[in-house]
Amino acid sequence: MSYITRTLVPYKFVFITLQSLFLVAILNNKSDNIFISIRANATKDSTEYSDEEGSLDAAAALMLATCGLEFFNLLVGLTIFNDKLNIVEIFCHFFACILCAWFIIDLWDVQSLWIIFGVFVAPFLFLEVLITVQPLASRLMAMRKTN
């Protein structure tokens, strides 16, 4: 294992963990962010509130699922030796952590979480799914060739 890999993997683990913690905090304290997104006289029983709550829950759940998939790939070892991908993912998790903390502190609207997801999480969700599926697909193709 190279020096770069030994250095990158702990950083990636830390930033995935931090981002997961921030997302759990967002889910626990979501009402203030939802009220920022809707009109001032809306209540928790209004349809606007429930729509924005569903949107925030969906964005946070997708981000948590992506973190879970990255944890899985890291523990299984699928992405552990891909240094270039790890460097880019570390920077994106770093910026996503900062923006999620800002989301909590400054009470951003719900659409801001979707922007964070679209810029810093969604591209890597696609890559992680490809990295996870590729070994399975290659094994299936090898099995077909032997039959």
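All of these numbers come straight from a predicted model, not from anything done at the bench.

About the cut-offs
- Residues numbered from 1 in each chain as written.
- Predicted model: local features only at pLDDT ≥ 70, side-chain atom pairs only at ≥ 80, totals over all residues.
- Heavy atoms only, no water.
- Phe/Tyr/Trp six-rings, centres within 6.5 Å; stacked < 30°, edge-to-face > 60°.
- Helix = DSSP H or I, 4+ residues; strand = E, 2+ residues; numbered from the N terminus.
- Buried < 20%, exposed > 50% of the residue type's maximum accessible area, 1.4 Å probe, protein only.
- Patch = residues over 30% accessible without salt bridge, like charges linked within 9 Å, V, L, I, M, F, W, Y side chains within 5 Å.
- Areas by Shrake-Rupley, 256 points an atom, 1.4 Å probe, with all protein chains shown as cover.
- Salt bridge = Lys/Arg side-chain N within 4 Å of Asp/Glu carboxyl O.
- Expected span 1.5 Å × (residues − 1).
- Polar contact = N/O pair within 3.5 Å; in protein donor to acceptor, adjacent residues only side chain to side chain.
- Contact = heavy atoms within 4.5 Å.
- pLDDT = per-residue confidence, 0-100.
- Core = buried A, V, L, I, M, F, W, Y, C linked by side-chain atoms within 4.5 Å.

Please explain the packing of aromatic side chains as it appears in this structure.
The description of an aromatic ring pair uses the distance of the two centres, along with the angle that the planes make with each other. Inspection of the entire model under this criterion finds seven aromatic pairs. A centroid spacing of 5.5 Å and a plane angle of 65 degrees characterise the contact between Phe13 and Phe71, whose relative ring orientation is edge-to-face. In this pair, Phe13 sits in helix H1 (residues 3-28) while Phe71 sits in helix H3 (residues 47-76), placing the two residues 58 residues apart along the sequence. Note on Phe71: relative accessible area 21%, which makes it partly exposed. One aromatic cluster is present, built from ring pairs that chain together Phe15, Phe94, Phe95 and Phe120.

Just to check I follow, could you spell out a nonpolar patch on the surface for this structure?
On the surface, Ile87, Phe91, Phe94, Phe95, Ile98 and Trp102 cluster together into a nonpolar patch covering about 560 Å² of accessible area. Inspection of the secondary structure puts Trp102 in helix H4 (residues 83-106). Exposure remark for Trp102: the relative accessible area of 43% places this residue in the partly exposed category.

Looking at this structure, I do not really get helix H5 (residues 110-146). What am I missing?
Two residues of an α-helix separated by three or four positions point the same way, owing to the 3.6 residues in each turn. Across its 37 residues, H5 extends 52 Å between first and last C-alpha, which sits within 8% of the 54 Å expected from 1.5 Å per residue. For H5, the set of buried residues is Val110, Ser112, Leu113, Ile116, Phe117, Val121, Phe124, Glu128, Ile131 and Thr132.

Hey, could you run me through the side chain of Glu128 in this one?
With respect to the secondary-structure elements, Glu128 resides in helix H5. A distance of 2.5 Å separates the side chain of Glu128 from the side chain of Asn73, its partner in a polar contact. Not counting the four nearest positions on each side in its chain, Glu128 is found in contact with Lys12, Leu69, Glu70, Asn73, Thr79, Leu85 and Glu89.

Before we go on, may I ask you to explain the confidence of the model for the protein chain in this structure?
One rule of thumb: low pLDDT means the predicted coordinates there are not for detailed reading. Put simply, the protein chain has an average pLDDT of 89, and 99% of its residues get 70 or more. Across the protein chain, the secondary-structure element scoring lowest on mean pLDDT is helix H2 (residues 31-37), at 87, and the one scoring highest is H4, at 93.

Which parts of the structure should I look at to understand the nonpolar core?
Nonpolar side chains in soluble globular proteins generally cluster together in the buried interior. Judged by nonpolar contacts, the single largest core of 19 residues is most densely connected at Ile26, Leu56, Met63, Cys100, Leu113 and Ile116. Among the elements of the structure, H1, H3, H4 and H5 are those that each provide at least two residues to this core. Among all residues touching Leu56, those that are not within four sequence positions of it are Ile26, Leu27, Lys30, Asn33, Phe103, Val110 and Leu113.

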